[in-house]
Amino acid sequence: MLMDISSEMIHSLLPLFLAGTLGASALMVGLIEGLAESTALIVKVFSGALSDYLGKRKALALFGYALGALTKPLFAIAPVTSVVLAARLLDRVGKGVRGAPRDALVADITPIEVRGAAFGLRQSLDTVGAFLGPLLATGLMLLWANDFRAVFWVAVIPGLLAVALLFFGVHEPKQNVSNKRINPICKENLMRLHATYWWVVGIGAVFTLARFSEAFLVLRAQQGGIPLALVPLVMVAMNLVYAASAYPFGKLSDRISHKILLALGLFVLIVADLVLAIDAHWMTVLVGVALWGIHMGMTQGLLATMVANAAPVDLRGTAYGFFNLISGIAMLIASVVAGLLWDQMGASFTFYASAGFCGITLIALVKRG
């Protein structure tokens, strides 16, 4: 939560800072974001495998969080776009390093009977940071007359608090690591990731293909005539619902079939897509965005739990790395396709197409069950 507050304070303002203060083109803004997210995806695979190889999660997670926190001052002092690019890449390396070891650490220290609740709580706190960060940034920009650099300096504080909390507050359980360490990505170990795990990876990718980037929710809200300054509040609303629903659904996942909950999550996404396709009036968009947030709360922590349950204990970091990589590639594909449909066929068709893909996925999920 603390690191998300820190990151979102900056990320919610960074495109405006690049274009307005540093004079960057839209192409440069897109290039910076694309390179940053690609870097995070690649690093996640290797950091997860390294945490399995070392038998240590906390040290890697701590390094990732510390790297993320220490990049924040670079945004505040950046005189040119190249410095922002370097800071963004380092920040995403930090995210990639900490992601899989952090999730594996959560699984390691949580009893299996409450693992769903644990991942739901992590997802809720993560999402709380995702809406508190932009809200805090907006308030400080109003207070300090649009002083981007001052806001970026404030963002350093929650980042450092996150590092301190992990260092002093989290104690890693001892792992049974043999003296002879083996590469977790070698053929012998990958064979230990059984069909159940790869099914979870596949279903996670399909879910991501059915749910493109939330940036399209913002575009839909803009079409409805919401004042430009208030459009980002659509994401705040979505994350509020997401945060409120993730923990209850995480607890529920400890008591009912995971496949049933996944199917219900897909059904909610179908309804959200249909609502968003109807028209762009702000009330309609708000309902669709709320349903989208409920879908996220139902499925994201659940998929993390399913990865933990399906992977061997000593390969959890590797398992999360591959899961994140493939889901990230699916998100890239989904967002590109959605963008093409949006340009060629319009917003409504894009959401109808997503609903159709969700329906096909739901039928396949029910038949397999």
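Our subject is the structure listed above.
Keep in mind the model is a prediction, meaning the values are calculated, not measured.

Let's talk about the overall build of the protein
No. 1: For the protein, the count of helices and strands is 15 helices and zero strands.
No. 2: Taken against the 2.2 N^0.38 rule, which gives 21 Å for 369 residues, the C-alpha radius of gyration of the protein at 20 Å falls within 12% of a compact globule.
No. 3: Each principal axis of the C-alpha distribution contributes one length, and for the protein these read about 60 × 50 × 30 Å.
No. 4: Taking contacts inside the protein between residues at least 6 apart in sequence as the whole, the part at least 24 apart equals 83%.
No. 5: Put simply, the protein shows about 16500 Å² of open surface, and 72% of that area lies on carbon and sulfur atoms.
No. 6: For the protein, the separation between the mean place of its 26 positive charges and that of its 19 negative charges on side chains is 7 Å.

What to know about helix 6 (residues 115–143)
No. 1: Taking 1.5 Å per residue, 29 residues should reach 42 Å; helix 6 reaches 42 Å between its end C-alpha atoms and fits that length.
No. 2: Backbone geometry just after helix 6 places Ala145 at a positive phi near 55°.

Digging into the side chain of Ser354
No. 1: Residue position: Ser354 is located in helix 15 (residues 347–368).
No. 2: Residue class for Ser354 comes out buried when judged on its relative accessible area of 6%.

A few points about the packing of helix 9 (residues 195–210) against helix 13 (residues 282–310)
No. 1: The geometry of helix 9 relative to helix 13 is characterised by a closest axis approach of 9 Å and an angle of 160° between their N-to-C directions. Considering the angle they form, helix 9 stands roughly antiparallel to helix 13. In this structure, helix 9 crosses over helix 13, and the sense of that crossing is left-handed. Of the residues in helix 13, those touching helix 9 at Thr196, Tyr197, Trp199, Val200, Ile203, Gly204 and Phe207 are His295, Thr299, Leu303, Met306, Val307 and Ala310.
No. 2: Taken together, the residues of the contact of helix 9 with helix 13 sort by class into nine nonpolar, four polar and no charged.

Structural notes on the nonpolar core
No. 1: Core analysis: the largest hydrophobic core is formed by 64 residues, its most contacted members being Tyr197, Leu262, Trp292, Tyr320 and Phe351.
No. 2: Ranked by residues supplied to this core, first place goes to helix 13 with 13 residues.
No. 3: Excluding its chain neighbours within four sequence positions, the residues that come into contact with Tyr320 are Ala100, Asp103, Ala104, Phe119, Ala304, Val307 and Ala308.
No. 4: Grouped together as the second largest cluster of nonpolar side chains are 22 residues, Met9, Leu13, Leu14 and Ala155 included.

Concerning helix 12 (residues 258–278)
No. 1: Along its 21 residues, helix 12 runs 31 Å from first to last C-alpha, staying within 8% of the 30 Å computed at 1.5 Å per residue.
No. 2: A distance of 3.3 Å separates the backbone nitrogen of Lys259 from a side-chain oxygen at the start of helix 12, and that oxygen is part of Ser257.

Digging into the pattern of salt bridges
No. 1: All told, the structure shown has six salt bridges when counted by the stated rule.
No. 2: The residue Arg57 makes a salt bridge to Asp108 at a minimum N-O spacing of 2.8 Å. One end of the pair, Arg57, is in the loop between helix 3 (26–54) and helix 4 (58–77); the other, Asp108, is in helix 5 (residues 81–109), with 51 residues separating them in the sequence.
No. 3: Across the pair Asp103 and Arg102 runs a salt bridge, and its minimum N-O distance is 3.3 Å.

Conventions adopted
Residues numbered from 1 in each chain as written. Predicted model: local features only at pLDDT ≥ 70, side-chain atom pairs only at ≥ 80, totals over all residues. Heavy atoms only, no water. Helix = DSSP H or I, 4+ residues; strand = E, 2+ residues; numbered from the N terminus. Rg over C-alpha atoms; globule rule 2.2 N^0.38 Å. Contact = heavy atoms within 4.5 Å. Areas by Shrake-Rupley, 256 points an atom, 1.4 Å probe, with all protein chains shown as cover. Lys, Arg positive; Asp, Glu negative; His and termini not counted. Charge placed at Lys NZ, Arg CZ, Asp CG, Glu CD. Expected span 1.5 Å × (residues − 1). Buried < 20%, exposed > 50% of the residue type's maximum accessible area, 1.4 Å probe, protein only. Axes fitted to C-alpha atoms, helices over the stretch in contact; angles between N-to-C directions. Parallel < 35°, antiparallel > 145°, perpendicular 65-115°, else oblique. Left-handed = near helix turned anticlockwise from the far one by under 90°. Nonpolar A, V, L, I, M, F, W, Y, C, P; charged D, E, K, R; others polar. Core = buried A, V, L, I, M, F, W, Y, C linked by side-chain atoms within 4.5 Å. Polar contact = N/O pair within 3.5 Å; in protein donor to acceptor, adjacent residues only side chain to side chain. Salt bridge = Lys/Arg side-chain N within 4 Å of Asp/Glu carboxyl O.

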